[in-house]
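Observations on the three-dimensional arrangement
In case you want the letters, here they are:
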Amino acid sequence: MMTDMYDCSDAVCHPEPMDFDQMPIEQMATVFQILSNQSRLKMVLSCLNCERTVSEIVEITGISQSLVSHNLRYLRELRILKVRKSGRHQYYSLSDYHIYHIISDLAHHIQECT
């Protein structure tokens, strides 16, 4: 017998029903596609808890500076990361708490499954 994966008895369900017909599916898929790249995910993870400069992201991730700069553009365009300029430096951080929750919830989900 197959159980209903959306059974709300274990408090997993969202408190308000979501209208999936009104969801921006294409935009959501694009964000997941961008985050499915390990290099870009490493870059986002490096900014998870604090602002980072490009050189810090390069050092933390081990990714070349040109590849980091190239991918930062995609992450900014999709509002996954934001940039704050101060003098000659640019500081990257998560755009908002939604991105933090996506990453954090996924990490917790994976840890529960192992």
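Please refer to the structure placed before this passage.
An account of the accompanying structure is given in this report. (Residues numbered from 1 in each chain as written. Predicted model: local features only at pLDDT ≥ 70, side-chain atom pairs only at ≥ 80, totals over all residues. Heavy atoms only, no water.)

Another aspect to go through is the overall build of the protein. Of the regular secondary structure elements, the protein holds five helices and three strands. For the protein, the N- to C-terminal ordering of α and β elements is α-α-β-α-α-β-β-α. When each of the 114 residues of the protein is scored for burial, the buried share is 23%. Across the protein, every contact between residues at least 6 apart in sequence was considered, and the portion connecting residues at least 24 apart equals 47%. On the protein, roughly 8,900 Å² of surface is accessible, and the fraction owed to carbon and sulfur atoms is 54%. (Helix = DSSP H or I, 4+ residues; strand = E, 2+ residues; numbered from the N terminus. Buried < 20%, exposed > 50% of the residue type's maximum accessible area, 1.4 Å probe, protein only. Contact = heavy atoms within 4.5 Å. Areas by Shrake-Rupley, 256 points an atom, 1.4 Å probe, with all protein chains shown as cover.)

For the rest of this paragraph, the subject is helix H1 (residues 25-35). Residues of H1 that are buried include every one of Val-31, Ile-34 and Leu-35, and no others. Here the buried residues of H1 occupy an arc of 95° about the axis, which is enough to place them on one side. Exposed positions of H1 whose direction lies more than 90 degrees from the buried face are Ile-25, Glu-26, Phe-32 and Gln-33. Contact partners of the buried residues in H1: helix H2 (38-46), helix H4 (65-77) and helix H5 (97-113). (Arc of directions from axis to C-beta.)

Let us now look at the nonpolar core. Grouped together as the largest cluster of nonpolar side chains are 19 residues, with contacts concentrated most on Met-43, Val-44, Ile-57, Val-68, Leu-72, Leu-75 and Ile-80. Put simply, the parts of the chain that give this core at least two residues each are H1, H2, helix H3 (54-61), H4, strand S3 (89-94) and H5. If near-sequence neighbours (up to four positions away) are discounted, Leu-72 is found in contact with Met-43, Val-54, Ile-57, Leu-81 and Tyr-92. (Core = buried A, V, L, I, M, F, W, Y, C linked by side-chain atoms within 4.5 Å.)

In this section: the sheet that holds S3. Strand order in the open sheet made by the three strands is S1-S3-S2, with antiparallel pairing throughout. Each edge of the open sheet carries a strand with a single partner, namely strand S1 (52-53) and strand S2 (81-86). Relative to S3, S1 runs antiparallel, the two being bridged by two bridges. Note that in S3 the partner of Thr-53 across the bridge is Tyr-91. Each of S2 and S3 is contacted by H4, which is oriented at about 110° to S2, the strand it contacts most. (Pairing = 2+ DSSP bridges. Axes fitted to C-alpha atoms, helices over the stretch in contact; angles between N-to-C directions.)

It is at 10 Å that the axes of H2 and H4 come closest, and there the two elements cross at 80°. The orientation of H2 with respect to H4, classified from their angle, is roughly perpendicular. Contacts between H2 and H4 involve Ser-39, Arg-40, Met-43 and Val-44 on the former and, on the latter, Leu-67, Val-68, Asn-71, Leu-72, Tyr-74 and Leu-75. Taken together, the residues of the contact of H2 with H4 sort by class into seven nonpolar, two polar and one charged. (Parallel < 35°, antiparallel > 145°, perpendicular 65-115°, else oblique. Nonpolar A, V, L, I, M, F, W, Y, C, P; charged D, E, K, R; others polar.)

Attention shifts here to the packing of aromatic side chains. Within the structure shown, the criterion is met by zero aromatic pairs. Here the basic side chain of Arg-73 rests over the ring of Tyr-74, its NZ or CZ set 4.9 Å away from the ring centre. (Phe/Tyr/Trp six-rings, centres within 6.5 Å; stacked < 30°, edge-to-face > 60°. Lys NZ or Arg CZ within 6 Å of the ring centre and 35° of its normal.)

By themselves, these are just geometric observations and shouldn't be taken as functional.
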